[in-house]
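# Per-entry structural report
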Amino acid sequence: MHEKKNEITRVDKMKIAVIGTGYVGLIQSVGLAKIGFDVFGIDIDENKIKMLNSGKIPIWEKDVEELLKKYNGKNLKFTTDFNAIKECDAVFICVGTPQSDDGTADLKYLFSAVESVKPYLKKNAVVVIKSTVPVGTNRKVKELLKECKCDVVSNPEFLKEGSAIKDFFNTDRIVLGFEDKTKHEARDRLMNIYEYFYNKKTKFIITNWESAELIKYASNSFLAVKISFMNELSHLCNCIGADITEVAKGMGCDKRIGEHFLNAGLGYGGSCFPKDVNALMKQFCQNDMEAKIITAADNVNSELPDVFFNRVSKRLKNLEGKNIACLGVAFKPNTDDLRDSRAVELKHKFLNKKANIKCFDYVGGAMDNAEKIFGDKIKICKTVNETVEGADAIIIATEYDEFNDEDWEYIAELVNEKLIFDGRNILDEKKVKKHGFEYYGVGR
Ligand SMILES: NC(=O)c1ccc[n+]([C@@H]2O[C@H](COP(=O)([O-])OP(=O)(O)OC[C@H]3O[C@@H](n4cnc5c(N)ncnc54)[C@H](O)[C@@H]3O)[C@@H](O)[C@H]2O)c1
């Protein structure tokens, strides 16, 4: 499966279009520009394109602005005009594939992007699907493009928000799915684009469309299962006096298990895991099967915000009028992305019980997005200290290590009640207890 550099048909001065300039498309655009390609980032959102052309990024993601400043207007251009595709040798489609009401992946943006691209495709261009799409989608895209003389390649994306640029340049794998992997034209074009990664530790997985599509869903769902497994164990830990963080440490030493994704807490959220887990379950159903393990993981995950919230309510008795300091807004650290954020879900639960909420996140963009959701229903604060002032309880909702480095001695003086519910098991329990806090982690 590990593809070595082979004879590659060179395409001089390759031009590349990236359709969709969201989290994935923007990273792909600036990343390919840095490698040296001429890149056109195309989006239907005029505001996004205006912002990008003025050197501002519409999302918060480390290191992107710097790269944008360096290449924008040079070998990187942003436009709403699909005409740019006429010059391009490869077109990467990176539009959203959100969850439909029935749990399947909604492919309307993807098919609309394919239709928009179609009239402009030059002969022998390669259309590369980076969006996460159910098995069979690349085949449908090929069917939509049957009059064009072009190849369709599945190239799912694995970057993580919060470390997207680092992930782009240090990716552990590049998955390429072809209609016929023995045919060299499309393969050469993609190997040429990704030549930069040959000398790195990157593995090239060359396979068919279906396997490539499934690798993406299987990877996210497997990680989701890992998280839910730990969360289920954490419930047992609560009853028997074991500490889930110690259990995870012990398990993670085993290379076969691996140390990552063993954190118990509020469970997974975000723009990918929940929708991808659901979409994979649906793909089992469409084939008259039940995804038993994945369904169980999803069930465990769905209960976690309620389990956590009920512990807080039980301890505080009546939440009405209580001051809750919620540390963290985004679904994970270092992003402004609030899609399916567990922190947001918790805030809604507290608001429903008429608690007063103050919140904070280290990423300003996350707080701007929280303001868009909650308006003046919650108070958005500039510092942790401002957030916790007068609090009856502190909730840790996003997994920022930085919360540990805050001055907990001083925080103890600011709060109304020294009470912490750590939904991410991030705080040093001993340290906060030393400052008089009553501390509740998850499964500790
Ligand atoms: N965000 C992640 O961390 C991540 C990681 C891996 C894979 N993915 C997958 O990548 C895909 C994109 O995710 P995202 O988070 O970047 O989405 P996003 O919502 O941030 O961005 C999608 C962009 O596509 C644009 N768009 C929609 N329809 C279009 C069209 N017809 N033509 C041109 N542009 C159009 C939107 O305006 C938006 O800017 C999804 O399938 C997602 O599951 C996301």
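Residues numbered from 1 in each chain as written. Predicted model: local features only at pLDDT ≥ 70, side-chain atom pairs only at ≥ 80, totals over all residues. Heavy atoms only, no water.

Counting residues in each nonpolar core, the largest one holds 59 residues, and the members touching the most others are Phe350 and Ile394. Here this core takes five residues from helix α12 (residues 342-352), the largest share from any one element. Ile59, Leu68, Ile174 and Ile206 belong to the second-largest nonpolar core, a separate cluster that totals 44 residues. (Core = buried A, V, L, I, M, F, W, Y, C linked by side-chain atoms within 4.5 Å. Buried < 20%, exposed > 50% of the residue type's maximum accessible area, 1.4 Å probe, protein only. Helix = DSSP H or I, 4+ residues; strand = E, 2+ residues; numbered from the N terminus.)

Spatial ordering of the open sheet is given by β11-β10-β9-β12-β13-β14, a layout of six strands whose pairing is parallel. Unpaired on one side and paired on the other, β11 (379-380) and β14 (438-440) mark the two borders of the sheet. Note that strand β9 (residues 323-327) and strand β12 (residues 393-396) share four bridges and pair parallel. Within the sheet, the bridge partner assigned to Ala325 lies in β12 and is Ile394. (Pairing = 2+ DSSP bridges.)

Let's shift gears to helix α4 (residues 108-117). By the burial criterion, the buried members of α4 are Leu110, Ala113, Val114 and Val117. The arc enclosing the buried residues of α4, seen along the axis, measures out at 100°, which places them on a common side. Packed against the buried residues of α4 are β1 (15-19), β4 (90-93), β5 (126-129) and α5 (137-144). (Arc of directions from axis to C-beta. Contact = heavy atoms within 4.5 Å.)

Take the pairing of strand β2 (residues 38-42) next. Here β2 lies mainly inside the structure; five of its five residues are buried. Burial along β2 is two-sided: Asp38, Phe40 and Ile42 and Val39 and Gly41, pointing in opposite directions, are all buried. Two strands pair when backbone bridges link them, and β1 and β2 are joined in this way by five bridges, in the parallel orientation. If you follow Lys15 over to β2, its bridge partner there is Asp38. In this view, the connection linking β1 to its parallel neighbour β2 by way of helix α1 (residues 23-35) has right-handed handedness. Summarising the sheet, β2 and strand β3 (residues 76-79) pair through four bridges and their orientation is parallel. For Ile42, the partnering residue across the bridge sits in β3 and is Thr79. (Right-handed = clockwise from strand over helix to strand, strands pointing away.)

In this section: the domain arrangement of the chain. Each assigned domain of the chain is listed here: domain 1 (15-201) and domain 2 (249-440). One C-alpha centre belongs to domain 1, the other to domain 2; they are set 32 Å apart. Contacts between domain 1 and domain 2 engage 19 residues on the former and 18 residues on the latter. Summed over both partners, the interface of domain 1 with domain 2 comes to about 1,300 Å²; 48% of that surface belongs to carbon and sulfur atoms. It is Trp60, Gln99 and Glu161 that lose the most area in domain 1 upon contact with domain 2, and together they represent 41% of the buried surface on that side. Joining domain 1 to domain 2, the criterion identifies one salt bridge. (Domains from an automatic or database assignment. Buried area = accessible area lost by both parts, 1.4 Å probe. Salt bridge = Lys/Arg side-chain N within 4 Å of Asp/Glu carboxyl O.)

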